[in-house]
Amino acid sequence: MTIGKLIKPTLVLAASSLISGAAIASGITPQKMADAIFSVIESDRTVYTRNVVDRLQNKEEVLDASEHWKEESALPLPAQMLRMGSERVNEKDSGFTYSLLSLWAINKQNKPKTPLEEKALKIIGKDPSKNFYGEETLAGKKYFTAVYPDVAVSEACVKCHNKHIDSPRTDFKLNDVMGGIAIRIPLED
Amino acid sequence: MDKIKIKFWHYGIVVTLLISAILGYNLFKGDKSLFLAGDASHGHYQIELECNSCHVESFSNDDLMQQACEGCHAKELDAANDKHPKKKFLDPRNAELLQQLDARYCVTCHTEHKPEITRKYGVTIAPDFCFHCHEDIAKDRPSHAPFEFDSCASSGCHNYHDNSMLYEDFLIRHAGEEATFEQATLPPRTALIRWLKKNKKVKPLSSQQHDGQKLFTTNTQSDNKGKRNSATNKDSQVNSIVSQWADSPHATTAVNCSQCHDDNNQSSPHLKFNNNQLEVCSSCHERQANQFVLGKHGMRQGLGLPLMSTADARQGIDTTQDKLLTCSSCHNPHSLDVSIAAVESCLGCHQDEHSKNYKSSIHFTLWQQEQNEELEEGSGVTCASCHLPRIKKGKRVRVMHNQNHNLRPNSKMLKTVCMNCHGVEFSLDALADEALIEKNFSGQPDSDLQTFKLIEQRIKKRQQRRNQ
């Protein structure tokens, strides 16, 4: 690894923490910022699930959602939609990142990777009425990390996950916590 | 008088100046060849002397280099639904993985100018690279426990970037298909039929209606200077060109001489667009031209460099001739006989084992039978059937003109090429069998690929899940 590769991301992270630092100075805490971002993500996720996937696949029965949406000319799954959005945000160095995680992930990339992710998913799994807020250090950089419960809001969630060949859990019920949305904001040291 | 004593350091200065002059000339005026760190990979050697294509600035940093890679390759990766795009690795939760293998940069795995360690697809990293992030794969997939990490990407099962034809749903849907279908033909091309349908009012042109009189008269006058013999030669040449044209799709679609030629008193027939053939063809065949410059035949032209010549080629090409590569290298622009473009045009230059073995293959026999009208259209398999495949999108069937498009990885041939006639299992086995490819598919594929044994297990597990 060359110094150039290290310096660039460090500068970017420093710049973005300045942005969130500025937000803090004007009275918006990282938690408020994360909550606001979450409400946008959550709304878009629900709208896409209900008004696009549910409508076209289950009600009008004209287009299916498929993991291989590109190859099969189908709709992306709601979880893939969320990840595509989050990857776009990553590309733009937006000053925060987010991801959809689960202790029972179909896609193993969505399993918890950091100790905080693991702890947070366990806590919100037990009591979905509260979000989890904490701080963690990743590769020498400090982050504010918020994790929000992702609940089985419809039978479709439960059915698809329970029947999926790669789902490690097959007994989800309606309103169970299926995972969580993690939002990370870099902090000044 | 004092004699100037030539000391050792004087020699030093002279030698240094000389070397600098040679290097300077080579760098600024010459072909820069003295500055190449080592031969470029087969993907880049055609453009290696255009250093700036990749090294945007001298000693440019990794990010500029990355931009240069993406400038040419990003679109293709995106279209193939790249499984490891850079954007996936920008999330800090992957920061630790990046310390093992910095997947944000192409050059982490593809170092240029290192011929001694460069493998297929220009990969320069040790072949067990998947290990860095998927070390515990056997936990999620116990079936994978016996496999070595250097076999993930070399077994025909997985690719780092492009798995667009290797996903389970697709393989399962086609599992159990027979090796060769009874009805085995390629889809017919639709461009001309569609054009004629749309342009019903356009009348085809006959040989008398060509508008090249002026082209030919100026040529005959300037060329033969009163020699009768060569005048008759010229006449017969002209007649043959006119009759070829009159039988071609150009005459059918009312494309006359003047659409491509201008008649500004050149000694030989001159093309429009300053005699730039690619631009002439591109004025109607834009899609094909855009694809052509993405492949190895046209990549030099795509970057505005002089045309590629067979003399510069590396891989199993007859380098004794100096043929330039442009549209008419394969397509005779007057006859437009695609059956020549489909085989003879290729074999005129390509003389590697795979190409040399084509004419003893079953594919070629079928092609001969099709040519003799013993078999229906689309039954034969030519070089073009596989390397310039007919791609079906909705009702259209178009010919892909980037002949490298489906070679990287070759599993891209499954849907658009092999599976027109063969079952998926047979096709996948054949594409992974390098010895069979060299024999140009004379024989049966070596079928000890694990893919379909694993797929059978997965089909069973899926059924169990569904019935739970």
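Note that the coordinates shown come from a computational prediction; the quantities given were computed from them, not determined experimentally.

S.K.: Can you lay out the overall build of chain A for me, pointing to particular residues and giving the numbers?
M.R.: The number of helices and strands found in chain A is 5 helices and 4 strands. When the helices and strands of chain A are listed from N to C terminus, the series reads α-α-α-β-α-β-β-α-β. When each of the 189 residues of chain A is scored for burial, the buried share is 43%. Summed over its atoms, the accessible surface of chain A is roughly 10100 Å², and 58% of this surface lies on carbon and sulfur atoms.

S.K.: Go over the confidence of the model for chain A with me, naming the residues and quoting the values.
M.R.: With 86% of its residues at a pLDDT of 70 or more, chain A shows a mean pLDDT of 87. Counted against residues more than four places away or in other chains, residues 1–15 of chain A, with its pLDDT under 50, gives 15 contacts.

S.K.: Tell me what's going on with helix α2 (residues 30–59) of chain A, and back it up with residues and numbers.
M.R.: Residue and element names in this part refer to chain A. Along its 30 residues, α2 runs 40 Å from first to last C-alpha, staying within 8% of the 44 Å computed at 1.5 Å per residue. A bend of about 40 degrees at V53 is the largest found in α2. The first or second residue beyond α2 is E61, which carries a positive phi of 50 degrees.

S.K.: Mind laying out the sheet that holds strand β2 (residues 132–138) of chain A, listing which residues take part and the relevant values?
M.R.: Residues and elements named next belong to chain A. Strands sit in the order β1-β4-β3-β2 across an open sheet of 4 strands; the sheet is antiparallel. Each of the sheet's edge strands pairs with one partner strand only, and the pair in question is β1 (97–101) and β2. With strand direction ignored, the average angle separating the axes of adjacent strands in the sheet is 25 degrees. Alignment of β1 against strand β4 (residues 177–186), held across 5 bridges, turns out to be antiparallel. Looking at β4, one finds that T97 is bridged to R184. Along the sheet face, helix α3 (residues 78–91) touches β1 and β4 and points at about 160 degrees away from the line of β1.

S.K.: Give me the pattern of salt bridges: which residues, what numbers.
M.R.: Within the structure shown, the criterion is met by 30 salt bridges over all chains. Measuring nitrogen to oxygen at the nearest pair gives 2.8 Å for the salt bridge that ties E136(A) to R184(A). Taken together, the residues E136(A) in strand β2 and R184(A) in strand β4 connect sequence positions 48 residues apart. Judged by relative accessible area, E136(A) falls into the buried class, the value being 8%. The class for R184(A) is buried, based on a relative accessible area of 1%. What emerges from the salt-bridge pattern is a single network uniting D166(A), R141(B), E168(B), D169(B), R458(B) and R462(B).

S.K.: Would you mind going over the UniProt feature "domain: Tll0287-like" (unreviewed entry) in chain A in detail, with residue names and values included?
M.R.: As annotated in UniProt, the feature "domain: Tll0287-like" (unreviewed entry) corresponds to residues 32–186 of chain A in the numbering used here. The span residues 32–186 of chain A is 41% helix and 21% strand, and its two end C-alpha atoms sit 14 Å from each other.

The rules we used
- Residues numbered from 1 in each chain as written.
- Chains lettered and ligands numbered in written order.
- Predicted model: local features only at pLDDT ≥ 70, side-chain atom pairs only at ≥ 80, totals over all residues.
- Heavy atoms only, no water.
- Helix = DSSP H or I, 4+ residues; strand = E, 2+ residues; numbered from the N terminus.
- Buried < 20%, exposed > 50% of the residue type's maximum accessible area, 1.4 Å probe, protein only.
- Areas by Shrake-Rupley, 256 points an atom, 1.4 Å probe, with all protein chains shown as cover.
- pLDDT = per-residue confidence, 0-100.
- Contact = heavy atoms within 4.5 Å.
- Expected span 1.5 Å × (residues − 1).
- Bend = angle between axes of the 7 residues up to and from the residue.
- Pairing = 2+ DSSP bridges.
- Axes fitted to C-alpha atoms, helices over the stretch in contact; angles between N-to-C directions.
- Salt bridge = Lys/Arg side-chain N within 4 Å of Asp/Glu carboxyl O.
- UniProt positions renumbered as here; feature names shortened; annotations may be inferred.

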